[in-house]
Amino acid sequence: MYRTLLFLTAGLLFAFSGQAQKYSNEFLTIGVGGRAHGMGTAVIASVDDVTAGMWNPAGLATLQPDDGYQIGAMHAEWFAGVSNFDYLGFTTALANGNRIGLSLVRFGIDGIPNTLSLYNSDGTINFDNVTEFSAADYAFILSYAKPFKVKKGQLLGGANIKVIHRRIGPFANSWGFGLDAGLQYHIKDWNFGLVAKDVTSTFNAWSFSFSEDEREVLELTNNEVPINSVEITRPQILLGAARRFQFGNVGLMPEANFIFTTDGARNTLLSADPISMDIAGGVEADYKEFVFLRAGVSQFQQITNFDGSENLKVRPSLGVGFRISSLTVDYAYTDLGAEESTYSHIISLHLAIRPKGGR
């Protein structure tokens, strides 16, 4: 346990020693699962299924060996269908209550027109030269979680190894590697969570490929020709607390998360350089853990109006869920970009495949 904390501290000190780009690899902060989005993404203390690999890897260790395998999947269309977000996850038990998981993510915009060849050499326009390409981000995340022996309650730890691949048509691609680490502590009806994302910083090495004709078009249109470079993602620290209340057959679990970013001043609830803080909160009600109702808020931002005045806006979300035997289906209705009112429907499911004799 002490070695884990020492590793987190050393990683954070190393991460602050270099320059970084703001909002780097931001697609990984969107998150997965209808439950999480229905609760305003406030789940790092309570997540206890296959999606924990994306939120807090320690949560995988809440699954017992007789819970068997779990498979999770999600599809969402953001910004009025312009972009697609797809997720597939898997987890299985190891010895001594340990767990391993795998998460695959794709966030992409398809069908982008390539107009670099729109003009012929004589200056005439030829629309037949226009082709289409995709800009997509991929993440491959291997998770490991285990329980720790403590005198009171339950302490769980977990870590992620991330491989990130980003591609912009035939013009650019990058490969990146990073680490996440997380803890959960459960005592009586309380759950607490701690996550350090990109704990040692995540590095994406970009390479670009343009033909001579494409470079000439970029220069003539006053566009900068990019060069090979390294993009650095600074750590994020998330703290969470949740408590479960039981009223007969009805359960209630509110949760609050505090998100600290370290890449400079952001438009968040508390903005400073280099650390900014935001809050996410949600509540889940269930009846016999069969049907679930959820609501949440996140992304607190100061929006400037046309008259120069400012007002605080948040991202609201609602959700429902059903658990039928080993299949859970979750739905959320939320707005990824609160200022544009681009509400999206999110549907996810996860399936538990238990061995014979499992609970």
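To keep things clear, this report deals only with the structure shown in the data block. Note that the structure is predicted; figures quoted are calculated from it, not measured. (Residues numbered from 1 in each chain as written. Predicted model: local features only at pLDDT ≥ 70, side-chain atom pairs only at ≥ 80, totals over all residues. Heavy atoms only, no water.)

To continue, consider the pattern of salt bridges. Taken as a whole, this structure holds 13 salt bridges when the rule is applied. Across the pair Arg35 and Glu284 runs a salt bridge, and its minimum N-O distance is 3.1 Å. With a gap of 249 residues between them, Arg35 in helix 2 (residues 34-38) and Glu284 in strand 13 (residues 276-287) connect regions that are remote in the sequence. Residue Arg35 shares its accessibility class with Glu284, and that shared class is buried. Between Arg166 and Asp137 there is a salt bridge; the shortest N-O distance is 3.2 Å. Taken together, the residues span a long stretch of sequence, with Arg166 in strand 5 (residues 154-168) and Asp137 in strand 4 (residues 131-148) at a distance of 29 residues. No difference in accessibility class separates Arg166 from Asp137, as the two residues are buried. (Salt bridge = Lys/Arg side-chain N within 4 Å of Asp/Glu carboxyl O. Helix = DSSP H or I, 4+ residues; strand = E, 2+ residues; numbered from the N terminus. Buried < 20%, exposed > 50% of the residue type's maximum accessible area, 1.4 Å probe, protein only.)

A separate point is empty space enclosed by the protein. Applying the stated criterion to the full structure yields 2 cavities of 30 Å³ or more. In this model, the largest cavity occupies a volume close to 200 Å³. Lining the largest cavity are 23 residues, and of these Leu28, Thr29, Lys162, Lys197 and Asp198 sit closest to its centre. Residue assignment for the lining of the largest cavity shows that the elements contributing at least two residues are helix 3 (52-55) and strand 5. Taken together, the residues of the lining of the largest cavity break down into 5 nonpolar, 10 polar and 8 charged. One number sums up the size of the second largest cavity: a volume of about 140 Å³. Forming the walls of the second largest cavity are 19 residues, and the residues nearest its centre are Gly33, Arg35, Asp49, Thr51 and Asp330. (1 Å grid on protein atoms, 1.4 Å probe; cavity = no way out; pocket = protein on both sides within 12 Å on 5 of 7 lines; lining within 4 Å. Points joined across faces, edges and corners; volume = space filled by probe spheres on them. Nonpolar A, V, L, I, M, F, W, Y, C, P; charged D, E, K, R; others polar.)

Attention now moves to the packing of aromatic side chains. One pass over the full model with this rule turns up 6 aromatic pairs. Between Tyr69 and Phe90, the ring centres sit 5.8 Å apart and the planes meet at 25°, which makes this aromatic pair stacked. Taken together, the residues Tyr69 in strand 1 (residues 69-78) and Phe90 in strand 2 (residues 83-93) connect sequence positions 21 residues apart. Geometrically, the ring pair formed by Phe85 and Phe107 is tilted, given 5.9 Å between the ring centres and 55° between the ring planes. With Phe85 in strand 2 and Phe107 in strand 3 (residues 99-114), this pair connects stretches of sequence that are 22 residues apart. Like Phe85, the residue Phe107 is buried in the burial classification. (Phe/Tyr/Trp six-rings, centres within 6.5 Å; stacked < 30°, edge-to-face > 60°.)

The next subject is the side chain of His186. Here His186 lies in strand 6 (residues 172-187). Taking relative accessible area as the criterion, His186 reaches 15% and is therefore assigned buried. A polar contact is formed between the side chain of His186 and the side chain of Gln184, at a distance of 3.0 Å. Discounting residues that sit within four places of it in the chain, His186 has contacts with Ala45, Thr62, Gly153, Gln154, Leu156 and Asn191. (Polar contact = N/O pair within 3.5 Å; in protein donor to acceptor, adjacent residues only side chain to side chain. Contact = heavy atoms within 4.5 Å.)

Let us look at unusual backbone geometry. Here the bond from Asp273 into Pro274 is cis, since omega is 15°, no more than 30 degrees from zero. Turning to its location among the elements, Pro274 is positioned in the loop between strand 12 (250-261) and strand 13. The residue Gln299 is not glycine, and still its phi comes out positive at about 50°. Here Gln299 lies in strand 14 (residues 291-304).

Here strand 15 (residues 310-324) pairs with strand 16 (residues 327-335) via 8 bridges, running antiparallel. Bridging from a neighbouring strand, Val320 pairs with Tyr331 of strand 16. Hairpin connection between strand 15 and strand 16: a loop of 2 residues separates the two successive antiparallel strands, and Ser325 in this loop has a positive phi of roughly 55°. As paired strands, strand 16 and strand 17 (residues 343-353) are joined by 9 bridges and run antiparallel to one another. When the sheet's bridge partners are listed, Asp335 is paired in strand 17 with Tyr343. (Pairing = 2+ DSSP bridges.)

Relative to the assigned elements, Pro65 resides in the loop between helix 3 and strand 1. Between the C-alpha atom of Pro65 and that of Arg354, which follows or precedes it by 289 residues, the distance is 9.0 Å. Setting aside chain neighbours within four positions, we find Pro65 in contact with Ala93 and Arg99.

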